[in-house]
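# What the coordinates show
Residue-level listing of the chains:
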Amino acid sequence: MLLSGPQYSRLSSSGALEPIDELVNKYGTNMKNVISQNSWNGAKLNGKIYGIPQTGSGTIVNTALIVRQDWMDELGLKAPTTRDELYNVMKTIKEKKNVMALSGGKSPLVTEIMPTFGLTLVQSTATTGWQDVNGKLVNVVENPNMKKYLEFMKKLYSEKLIDQEWSLNQANKVIENFTSGKTAIISNGYFNAPTVQNALLKNTPNAKIASLPYLKGDDGKVQVMGSAGISYYVGIPKWADNKEEIIKYLDLKLDKDIHKEATIGKEGVHHKVENGNYFPILPIFNDQYNNASSFLTGVDEKNYPIYWQARVRKDPILTDAFNKNQEAAKGNIVIDPLSFAPPLEAIGKYNLKLQKLMEDTFLKYITGAEQLENYDKFLAQWKTDGGEEMTKAVNEWYAANKK
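Note that the structure is predicted; figures quoted are calculated from it, not measured.

## Some points on the overall build of the protein chain
Within the protein chain one finds 16 helices and 15 strands. For the protein chain, whose C-alpha radius of gyration is 23 Å, the value lies close to the compact-globule estimate of 22 Å for 403 residues. Across its three principal axes, the protein chain shows a C-alpha extent of roughly 70 × 55 × 35 Å. A total of 403 residues make up the protein chain; the buried ones form 50% of that total. Restricting the contact set of the protein chain to residue pairs at least 6 apart, pairs at least 24 apart contribute 75%. In the structure as shown, the protein chain presents an accessible area of about 19500 Å², 49% of it carried by carbon and sulfur atoms. Of the side chains in the protein chain, 48 bear a positive and 45 a negative charge, and the two mean positions are spaced by 2 Å.

Printed below as a string of C-alpha cells:
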C-alpha cells in the first residue's frame, strides 16, 4: 500500500499495518543500502517501522519570481537583489506601464519575499514552516518578523502594487494575469514554465520572460526554501499473506539495475546519457514511462534524483526554468527541519485547521479588513486551537532526532 503521511499514521496506529523492522533486517539488503537512516527514522512510529519511506527528487527549489523582461528593458530597470529594490521596481512598473506589479492568489505567503524577513517556509505548499531557534523549533507565525512581513504586504496592497483580487485568485487566474499582460511579476513553479511562456508568446510574440534573483534578507544573506523529505510510505497490511515474500519483492525492486530500468527505462531505447546526465528519448519515454514514478515502492536516494532529472528534460523551456532555479539558489537552500519527521499526530490533527486560520487572518491583515494590531489575538487563538500542542510534539521529536 502506497500511503501518504496522514494515512500511514492513521493505519499504523489502528493496527492495520504490519511492523516490518525484523523483515527489513532479514531480507532488506538493497533497501538498507539505498535508503538513508534519516528516512528510516522518519518512518518510525512509537519505536517501530510500519512502512518503507519513499523520498522523491532530492532537495529542489520549485518557484521563483518571474518578470516581463521586455518591460524591464524598456524602462531601463535592473533586476532587484533586495526587498527595497523590488519595491522600487514594482512602483516604477505600475506608474509607467499602468499594470499591477505583482499578481498572486489565495495564500498570503510569498515564498520569495518571506525569507528577506528571515522567515523560511516550505515551497510548493502553503504550510507555515518551522525554524530552529537556539535548538528549539518555533513556528514562523511566532517569529516577530511575521508582523513586519504582513506590514510590507499591506503597504504593497494599499499602494495597489499587488493584485487587489489576491484573496480570490486561483492559480490559473494568476497565470492568466501574467500571460495576458495585466501584471509584470508572478511567483511561478518551474513545472508551469512551458504553459506560461507559450501562452504569453501567443498573446505577445515579442515578450520576454526572466527569473528574478532570490533576494537578500535584512542581514545581507540569501535564503531560499527548498523542498525535500519523505513523499510516501509503502506499508504491508496486517492481513496480508506471505509478508516475507512481499519484502523480498520490494527489496528486489531496489536492485540497482532493476530500479533504474523501472524509473527511466532502457538506455538507447527510453533514455540516453550525455556527460553523466540522463535525457529522455521522445515520444517513447512519455508513452511508456510518463507514470513510472507511480509504481515505485521506495527509491535509491543517491541515484534516483539524478535519474529523475530526465523528467525535467522533456521540454527545453521546462529544463531551462528548472536549471535556473537550482543554479540561482545554490549554496543558499534551507529545508524545513521537519522534512524527515514521521507524520506526527498533533500535526495531522491541527495543521489544516490552523493553516486555514492563518491564511484567512493574514489575508484580512493585508487587505486592511482587520487591523494588524490584533496580531497577538490571532497568535493566542493559534496556540489555543492546537498550535501549542503541535509545538510540543515537534520539539519532542526534534530533541530526540536532531544531529
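## Overview of helix α10 (residues 243-252)
If you check which residues of α10 are buried, you get K243, I247, L250 and D251. Buried residues of α10 fall within an arc of 100° about the axis and therefore sit on the same side. Looking at the buried positions of α10, the neighbouring elements they touch are α2 (21-27), α3 (29-34), β4 (51-55) and β12 (230-235).

## Examining the sheet that holds β12
Pairing within the open sheet is antiparallel, and its three strands lie in the order β1-β12-β4. Edge positions in the open sheet fall to β1 (2-3) and β4, since each of these has one partner strand only. As defined by bridge partners, β1 adjoins β12 across two bridges and the pair is classed as antiparallel. Within β12, the residue paired with L3 across the bridge is Y233.

## A few points about the packing of helix α8 (residues 171-179) against helix α9 (residues 193-203)
Taken N-terminus to C-terminus, the directions of α8 and α9 make an angle of 40°; their axes are 9 Å apart at the nearest point. In this view, α8 runs oblique relative to α9, as classed from their interaxial angle. Considering only the axes of α8 and α9, their crossing is right-handed. When α8 is examined against α9, the residues I175, F178 and T179 are found in contact with a partner set consisting of V196, A199, L200 and N203. Taken together, the residues that form the contact of α8 with α9 break down as five nonpolar, two polar and no charged.

## Digging into unusual backbone geometry
Each neighbour pair has its own omega, and for L282 with P283 the value is 5°, a cis peptide bond. Secondary-structure assignment places P283 in the loop between β14 (277-280) and α12 (284-289). The phi dihedral of N46 falls on the positive side, at around 50°, and the residue is not glycine. Inspection of the secondary structure puts N46 in the loop between β2 (44-45) and β3 (48-49). The residue N242 is not glycine, and still its phi comes out positive at about 55°. By the element assignment, N242 lies in the loop between β12 and α10. On the basis of relative accessibility, which here comes to 55%, the residue N242 falls in the exposed class.

## Structural notes on the packing of aromatic side chains
Counted by the stated rule, this structure contains 13 aromatic pairs. Ring centres 6.0 Å apart and planes at 55° place the aromatic pair F117 and F152 in the tilted group. Taken together, the positions of F117 in the loop between β6 (100-102) and β7 (130-133) and F152 in helix α7 (residues 145-158) put the pair 35 residues apart, joining distant regions of the chain. What makes F117 buried here is its relative accessible area of 5%. Looking at F152, the relative accessible area reads 8%, which means it is buried. Following the ring pairs from residue to residue traces out a cluster consisting of Y190, F191, W308 and F322. When the ring centre of Y87 is taken as reference, the NZ or CZ atom of K155 above it lies at 4.2 Å. The ring of F279 is capped by R313, whose NZ or CZ atom sits 5.0 Å from the centre of that ring.

## What to know about the nonpolar core
Counting 61 residues, the largest nonpolar core has Y149, F362, Y375 and F378 as the members making the most contacts within it. Listing elements by their share of this core, those giving two or more residues are β5 (63-68), α5 (69-75), α6 (83-97), β6, α7, β9 (183-189), α15 (345-367) and α16 (375-401). If near-sequence neighbours (up to four positions away) are discounted, Y375 is found in contact with V141, M146, K147, L150, F362 and Y365. Grouped together as the second largest cluster of nonpolar side chains are 25 residues, Y8, I20, W40 and Y233 included.

What counts, and at which threshold
Residues numbered from 1 in each chain as written. Predicted model: local features only at pLDDT ≥ 70, side-chain atom pairs only at ≥ 80, totals over all residues. Heavy atoms only, no water. Helix = DSSP H or I, 4+ residues; strand = E, 2+ residues; numbered from the N terminus. Rg over C-alpha atoms; globule rule 2.2 N^0.38 Å. Buried < 20%, exposed > 50% of the residue type's maximum accessible area, 1.4 Å probe, protein only. Contact = heavy atoms within 4.5 Å. Areas by Shrake-Rupley, 256 points an atom, 1.4 Å probe, with all protein chains shown as cover. Lys, Arg positive; Asp, Glu negative; His and termini not counted. Charge placed at Lys NZ, Arg CZ, Asp CG, Glu CD. Arc of directions from axis to C-beta. Pairing = 2+ DSSP bridges. Axes fitted to C-alpha atoms, helices over the stretch in contact; angles between N-to-C directions. Parallel < 35°, antiparallel > 145°, perpendicular 65-115°, else oblique. Left-handed = near helix turned anticlockwise from the far one by under 90°. Nonpolar A, V, L, I, M, F, W, Y, C, P; charged D, E, K, R; others polar. Phe/Tyr/Trp six-rings, centres within 6.5 Å; stacked < 30°, edge-to-face > 60°. Lys NZ or Arg CZ within 6 Å of the ring centre and 35° of its normal. Core = buried A, V, L, I, M, F, W, Y, C linked by side-chain atoms within 4.5 Å.

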